[in-house]
Each structure stands twice: as C-alpha cells, then as structure tokens.
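Each chain is listed here by its residues.
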Amino acid sequence: MNPPTSKPSAADPAPAATSSPAAFDARRFKAMERAGFNRIAARYAEGAHLRAELATALLDAAALAPGQRVLDLASGPGLLARDAALRIAPGGTVLATDIAEGMLAEGARRCGEHASTPCFAAADAEQLCLADASVDRVLAGLALFVFPHPERALAEMHRVLVPGGLVALSVWGTRETVPLIHRAQDCIARLLPAPKVVRPSVFRFGEAEVLQASLAAAGFVDIDIRPCALSCHFADADAYWQAFLDLAGGAAEALGRLPEANQHALRRAVVEELAGHACGDARGGFLLPAHTLVATARRPA
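In this text, all values refer to a predicted model and were calculated from it rather than measured experimentally.

### What about the packing of helix α3 (residues 52-61) against helix α4 (residues 79-87)?
A pair of packed helices is characterised by two quantities: the angle between their axes and the separation of those axes. Between α3 and α4, the shortest axis-to-axis distance is 11 Å and the interhelical angle comes to 40°. Taken together, the axes of α3 and α4 are oblique relative to one another. Handedness of the crossing formed by α3 with α4: right-handed. Contacts between α3 and α4 involve Ala55, Thr56, Leu58, Leu59 and Asp60 from the first element and Leu80, Asp83, Ala84 and Arg87 from the second. Of the residues contributing to the contact of α3 with α4, the split by class is five nonpolar, one polar and three charged.

Have a look at this one:
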C-alpha cells in the first residue's frame, strides 16, 4: 500500500499472484481505500450505467428469490444491493456492507425509505460480525481483488452462508483484456515514479483457473465461472479519465493529492493512451472494452 504521499502506479504482480505483495501494510491500504471511496461516493454511483450489464449478469447468476437473506460485500453505494432487494421481495432482506461509510451513506440517500430498501452497515469483509450460516446468498461485485487478504474474505463468505447457500461474485479479467482500466494505469506508470510498495493487482483473479482454485481452497463446490464482456463509450479523453477516477478508490485518493500540474499532465497524456480506441461510428469519442468473470460457488449442503 502506498503511503499517503506516494505516487500511484500501474505496476501489477503476475496474474496468478493472488496474495498481497511483500512488505504490504494491509491496515494502511484499507485506510487509503476507505478514504478514496468516500471521496468518490456520489460519482461512483453516477457511473453505474457503465457497469449495468455486469451487474445484471451477476444478479442473474445469483438465482435470487423472494424471502432470501442476502449479504452484499463491498457494496459501495448499494447499487447491487438495491436491485437485489427488488428480486427477493417480499419477505427477503439485503444487508449492504462496506468499510467506506460515505459510500453507504450515499446508498442510503439514494434508496430512500422504501419497503424494499437494503439495510446499510459498515463492516470489514475479512472479519464479519455475522452469525454462522445466517445468509442464503453472498454478493461481491468487483470486490474480491480489493480485499488485502482475499482468502480471509472467502472464508468469511463460506462461514456466513447456510449449507447449500450460494456466493456470486465478479472480477476484472486479465490485464490485457481490460483496456478500460489498464490504459489509465499505463498513463500513470509513464508519467509518475513507481511507488515504494506495490499495491495488489486488480487483475489477480483475472484467469478463471486462479479464481476457481481460490474458491475451491475456501471450501466451495459447484463452481461455475463465465465471461462477461463490457464496452464503455466516452465522449472524449476527459470523460474517460474522470470515469477511471470514479472507480479507482485508493488510487483516486493518491492521485487527488498530487500537485495540480501533475494532475493536468496526466489528463493530457491519457489522450495518447486512447489513440487505438477511437470509436468508428457517428458517436465519435472512444470505446473501451473490459473483460470480466462472473463466478458462482456453493457451500456444501
């Protein structure tokens, strides 16, 4: 995890390296992620349309039904949780959790006080304050790679699920299949010094075999992993860069602390990174693809 004054970097460990880098400070990493996601809470929610296809694919895979008890991890502003609540009504409950209280407050504000509104609670996915076998479904959208110790988060998912309960999660694919993210990372790496401590890779579960092995190691069975392809359109390079910042959590926090001149230089340089993604139709702008994986796995009955 970068110290607060360190420069963010695109450097990523090898895709198969699902553990955090050596000399990694998990507590500081979580603090930076919390600050970053609190900073971008409203804009993160406003960018939900870019990830709508993935959200639908994840909820469909979760096989939600009325009356179920659902836990949404790293819920942010409750985008998945809100739609899940509609699918498990009447009689169901959704608990939306996150370490970023600003994200949860944004979600509660947007959901209002409808009968189908999720409950929001600050919680660490690696150490849940929930009873064993207390939920029927666990959701984790674009979250597993964010956890400093993903094996602990998977163990907690397994613990709180009822026997036969299902986890449904999504992750980014391998680096080369996600220009949506790596073009911005490449720009950062080109202009800024490398950090002293490497952050965990957001692509570390991008290979289906790696994700499957991690789920199996946590005790899950009936593992099913399917690809989900996205294409995100941006009117110009500024729109792309802002969308990246609106997803980036701790990296957005570090970038936000850079001198204004450095931030402007990054915005200018991203135009070059996007040259190969010009949109060929009447919309103009840029079209960036992103390959993701949607996985489901069951706690043995």
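### Some details on the layout of surface pockets
Considering only enclosed or pocket space, the second largest pocket measures out at about 230 Å³ in volume. Secondary-structure elements contributing two or more residues to the lining of the second largest pocket are α9 (237-245), α10 (250-256) and α11 (260-273). With five residues, the top contributor of residues to the lining of the second largest pocket is α11. Its residues placed into classes, the lining of the second largest pocket shows seven nonpolar, four polar and five charged.

### Looking at unusual backbone geometry
For the peptide bond that leads from Ala89 to Pro90, omega is -5°, which places it in the cis range. Phi at Ala74 takes a positive value of approximately 50°, unusual for a residue other than glycine. Structurally, the position occupied by Ala74 is in the loop between β1 (69-72) and α4. Of note, the phi angle at Leu142 is positive, near 45°, even though the residue is not glycine.

### Focus: the sheet that holds strand β6 (residues 221-234)
Read from one edge of the open sheet, seven strands run β3-β2-β1-β4-β5-β7-β6, paired in mixed fashion. Strand pairing shows two members of the sheet lacking a second neighbour, β3 (119-122) and β6, which therefore form its edges. Across the sheet, the mean angle separating the axes of adjacent strands is 20° when strand polarity is ignored. Of the pairings in the sheet, the one linking β1 to strand β2 (residues 93-98) comprises four bridges and is parallel in character. Residue pairing in the sheet places Asp72 in a bridge with Ala96 of β2. Each of β2 and β3 touches helix α5 (residues 101-111); the most contacted strand, β3, lies at about 170° to it. Its contacts with the sheet put helix α7 (residues 179-191) on β5 (161-172), β6 and β7 (286-298), and the angle it makes with β7 is roughly 120°.

Rules and cut-offs
Residues numbered from 1 in each chain as written. Predicted model: local features only at pLDDT ≥ 70, side-chain atom pairs only at ≥ 80, totals over all residues. Heavy atoms only, no water. Axes fitted to C-alpha atoms, helices over the stretch in contact; angles between N-to-C directions. Helix = DSSP H or I, 4+ residues; strand = E, 2+ residues; numbered from the N terminus. Parallel < 35°, antiparallel > 145°, perpendicular 65-115°, else oblique. Left-handed = near helix turned anticlockwise from the far one by under 90°. Contact = heavy atoms within 4.5 Å. Nonpolar A, V, L, I, M, F, W, Y, C, P; charged D, E, K, R; others polar. 1 Å grid on protein atoms, 1.4 Å probe; cavity = no way out; pocket = protein on both sides within 12 Å on 5 of 7 lines; lining within 4 Å. Points joined across faces, edges and corners; volume = space filled by probe spheres on them. Pairing = 2+ DSSP bridges.

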